[in-house]
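These are the residues of each chain, in order.
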Amino acid sequence: VHSDNTVWITGVGACTPLGNEYDVIADALSAGKSGVRPITHFHVADHPSQIAAQIGQVPTPNRWNTHSTADAFRALDPLDQLAHFCAEQALRDSGWWERRQEIRLGIVIGLGGEWPLRWENDCHQGGQRIREPGRDTEPLVSAVQRHIGFAGPAVSLSAACASGNQALALARRWIQNGWVDICLAGACDRGVTPICLAAFGNLRALSRRNQEPEAASRPFDKDRDGFVLGEGGAMFVLERANSARRRCARVYGEIAGCGASSDAHHMVIPSPDPKPATRAIQQALAEAGVTADQLHYINAHATGTPVGDACETAALETVLGDAAPNVPVSSSKSMTGHLLSAAGGMEALVCMIAMDRGFVPPTINLHSPDVGSRLCHVCNEARDWPIRVAMSNSFGFGGCNTSLVLRAV
Amino acid sequence: MTAPRLITAIREPNPVAWAVVGCGLVRANPDQLKALRQNPPKHLAAGFFKHADDQIVAGVAAVFEAVKSAGMEETSFADWGVVAGACYLGRTVLAGALDRFRSAGAWSVSPHLIPNHMQHCLSGSVSIALKSHGLNVGVGGGPTTVSETFLAAASLAGDNRLGGLWIVLTGHAPEPFSQFANGTIAAPLCHALALAAVAVTPSSGVAQLRVMPAVRTSSNDTVEVRSNSLRVSDLTNSLAGLAGQSLRWQLDSGGWVEWQSDLARKETQKESQKCTAITPSGSPE
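Figured I'd write up the structure that's included with this text. (Residues numbered from 1 in each chain as written. Chains lettered and ligands numbered in written order. Predicted model: local features only at pLDDT ≥ 70, side-chain atom pairs only at ≥ 80, totals over all residues. Heavy atoms only, no water.)

What about the overall build of chain A?
Consideration 1: When helices and strands are counted, chain A shows 13 helices and 15 strands.
Consideration 2: Radius of gyration (C-alpha) of chain A: 20 Å, near the 22 Å computed for a compact globule of 409 residues.
Consideration 3: Seen through its C-alpha atoms, chain A measures out along the principal axes to roughly 60 × 55 × 40 Å.
Consideration 4: Taking all contacts inside chain A whose residues are at least 6 apart in sequence as the whole, residues at least 24 apart take part in 77%.
Consideration 5: Carbon and sulfur atoms provide 48% of the accessible area of chain A, an area that totals close to 12,500 Å².
Consideration 6: Of the side chains in chain A, 35 bear a positive and 41 a negative charge, and the two mean positions are spaced by 3 Å. (Helix = DSSP H or I, 4+ residues; strand = E, 2+ residues; numbered from the N terminus. Rg over C-alpha atoms; globule rule 2.2 N^0.38 Å. Contact = heavy atoms within 4.5 Å. Areas by Shrake-Rupley, 256 points an atom, 1.4 Å probe, with all protein chains shown as cover. Lys, Arg positive; Asp, Glu negative; His and termini not counted. Charge placed at Lys NZ, Arg CZ, Asp CG, Glu CD.)

As for the environment of B:A197
Residue and element names in this part refer to chain B.
Consideration 1: Relative to the helices and strands, A197 resides in strand β5 (residues 189-198).
Consideration 2: Exposure remark for A197: the relative accessible area of 1% places this residue in the buried category.
Consideration 3: For the pair A197 and A17, spaced 180 residues apart in the sequence, the C-alpha separation amounts to 9.1 Å.
Consideration 4: Beyond its immediate chain neighbours, meaning those up to four positions away, A197 contacts W18, A19, W80, G164, L165 and I167. (Buried < 20%, exposed > 50% of the residue type's maximum accessible area, 1.4 Å probe, protein only.)

Here we look at the interface of chain A and chain B
Consideration 1: The interface of chain A with chain B comprises 83 residues on the first partner and 74 residues on the second.
Consideration 2: Of the roughly 6,400 Å² buried where chain A meets chain B, counting both sides, 60% is carbon and sulfur surface.
Consideration 3: There are 4 salt bridges connecting chain A and chain B.
Consideration 4: Among the ionic pairs, B:D99 bridges to A:R131, the shortest N-O distance being 2.7 Å.
Consideration 5: Where chain A touches chain B, the interface holds 22 residue pairs in polar contact (both at pLDDT 80 or more).
Consideration 6: Where the side of chain A that touches chain B is concerned, the elements lending two or more residues are α5 (114-124), β5 (154-158), α7 (163-177), α8 (194-202), α9 (241-246), β8 (253-262) and α10 (275-288) of chain A.
Consideration 7: Looking at the side of chain A that touches chain B, its residues break down into 39 nonpolar, 25 polar and 19 charged.
Consideration 8: Note that β5(A) and strand β3 (residues 136-139) of chain B share 2 bridges and pair antiparallel. By the bridge assignment for β3(B), A:S158 is matched with B:G138. (Buried area = accessible area lost by both parts, 1.4 Å probe. Salt bridge = Lys/Arg side-chain N within 4 Å of Asp/Glu carboxyl O. Polar contact = N/O pair within 3.5 Å; in protein donor to acceptor, adjacent residues only side chain to side chain. Nonpolar A, V, L, I, M, F, W, Y, C, P; charged D, E, K, R; others polar. Pairing = 2+ DSSP bridges.)

Quick word on the pattern of salt bridges
Consideration 1: The tally for this structure, following the rule as stated, stands at 36 salt bridges over all chains.
Consideration 2: The closest approach of N and O atoms between A:R135 and A:D122, which form a salt bridge, is 3.7 Å. With A:R135 in the loop between α5 and α6 (140-148) and A:D122 in helix α5, this residue pair connects regions lying 13 residues apart in the sequence.
Consideration 3: We note a salt bridge from A:D136 to B:R91, for which the minimum N-O separation is 2.8 Å. Taken together, the residues span two chains, with A:D136 in the loop between α5 and α6 and B:R91 in helix α3 (residues 91-104). Like A:D136, the residue B:R91 is buried in the burial classification.
Consideration 4: Each of A:D77, A:R129, A:D136, B:R91 and B:E175 takes part in a single network of salt bridges with overlapping partners.

Quick notes on the packing of aromatic side chains
Consideration 1: Under the defined criterion, the tally for this structure stands at 11 aromatic pairs over all chains.
Consideration 2: Ring plane angle 40° and centroid distance 5.7 Å describe the contact between B:W80 and B:W166, whose orientation is recorded as tilted. One end of the pair, B:W80, is in strand β2 (residues 80-86); the other, B:W166, is in strand β4 (residues 164-173), with 86 residues separating them in the sequence. Like B:W80, the residue B:W166 is buried in the burial classification.
Consideration 3: Grouped by ring-pair contacts, the aromatic residues A:W115, A:W119 and B:Y88 constitute a single cluster.
Consideration 4: Against the face of A:W385 rests A:R383, its NZ or CZ located 5.6 Å from the ring centre.
Consideration 5: Against the face of B:W256 rests B:R248, its NZ or CZ located 3.7 Å from the ring centre. (Phe/Tyr/Trp six-rings, centres within 6.5 Å; stacked < 30°, edge-to-face > 60°. Lys NZ or Arg CZ within 6 Å of the ring centre and 35° of its normal.)

Describing the pairing of strand β6 (residues 208-212) of chain B
Residues and elements named next belong to chain B.
Consideration 1: When you tally the buried positions in β6, you get 4 out of 5 residues, the bulk of the element.
Consideration 2: Strand direction decides the pairing type here: strand β1 (residues 16-28) and β6, joined by 4 bridges, are antiparallel. Pairing of W18 across the sheet is with L209, part of β6.
Consideration 3: Relative to strand β8 (residues 256-260), β6 runs antiparallel, the two sharing 5 bridges.

If you want it as structure tokens, here you go:
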């Protein structure tokens, strides 16, 4: 029996380094396929890291083929293309596309660097938009609303790498508050840019395993040397369970619990004290009404930086206690790279696929797990495993800790 | 098969209300920002603002002005959350970074760019400054930042996991690089507003912030297209020194935000429930 406040996910739109369709992404996760490649669309010779998990050309959404032109879509900024595609796909997938004018529809997008990405893209094309503030008139979230054609509440959020989880949590709250009937929520990022690659590279956060791109993203492995930059997006349609049930919608899962906390420690370095991250995880479990030993899968934030992996391991071991050796844990970033602001969206999708297909996606390139870890790592190959309850952690710069509990329906 | 009936059960949302227990404003020119940067609030390390964006300097300063004016210096904010919206954060710093990148390549890009000049940085900095372990999240980034921030903050009202919520807004007016008609560059003033909001109780004081989210029955309703979005400077200029009055502003996505004071209780209004502004010398305006 579901309460009136139960929120389900009934639509998915994604564009990821592993593919743009649900089944393609699922197959890639199951096969342990890496999406990391050498960067070829700009010069990387003087960058310390020269690899990334990229998405290539974003497919043109149907609406842009019928109401405008594909050329107009191609003229949009790369981040805008991505958000338009994911949002439209999600709404179509949910079955609400044709009836979107009849409902109270909101949108929450996790976007870490909307304006910086626009300014940078323009600059590389020879423009000076960054010095022309009069051109900065419409935020992406409003542009998506305008093109899809709805007028509900709209917000873009940024909690760095935790943005996706925050967006899903906020959208769920809007539905529970009764502000909207349906909410588009998720996250998009196009961080594979010269400036972003240089900034993270000079921060010494990125893997320099340039000669072995597919082996470069190595969360939890003692031979890791930083994360691999990724890009992509995942948007979802959220609605009340009773609404989805009434229209016999395909259901990808329930957003059962959300937790968030702050380290209040450092803008970059995670807190060595596991308490703040633990708090976010415990909040999500409490909201979902499950205990840690009832989790069937944890998609760790685990980016492949030594300090980040160690902090998350400590937090998970604290929460899991005696159950730590029994709950499968993996990091899909080993395959997708780190999608930055969009990581939470991507990894929520990974959890939904894991529940749907009944397997734990592996952490690929995990040959020498950290000594002393009590976590149940799923190394290199997917494991068939019935999953009813999954957790996705996302932790970000600025000390943002978030955790999401998803439940199969 | 008949189409399923519409799910829309029309429920007009109620306004979300907080008691505002502290309010701080900053309006600073570049020289004043420099002074603020070099003299962070006393609880912070001397280098706290070393790599921070100007808007973060102003936002954190506004928070500490609110703390001071409300007499909350000894208050723990450990279980408070932070919702912060900065407008076009990082424009000037990124402009310089792009210039250097073009001339000197990848190694010229500062590693401090992403940790200090992106949209999450204001909320993260406030949470670190106050040692707040509740959620922290950045909102917006463009012209509708103020509306988005109030909407996001309103969503968190009633979250009993939070002891209170800092709502912080920053932006420049005019925006850096703006030109007058004669081609000269306008000098930007950095504005910041910080509100310390808690659940309304009978004893929580006279200043309230109320937010009404967009009220629409469906998307067929006409969207009000605002020619000018609500800006941080609209708020700071209106609230500076305000006491015992009510103000209401329309939000971009519909709905409104209202600053409400109880005139009948004006005589007993505490200093903390007025908005006080600082200049770098610390003197209230």
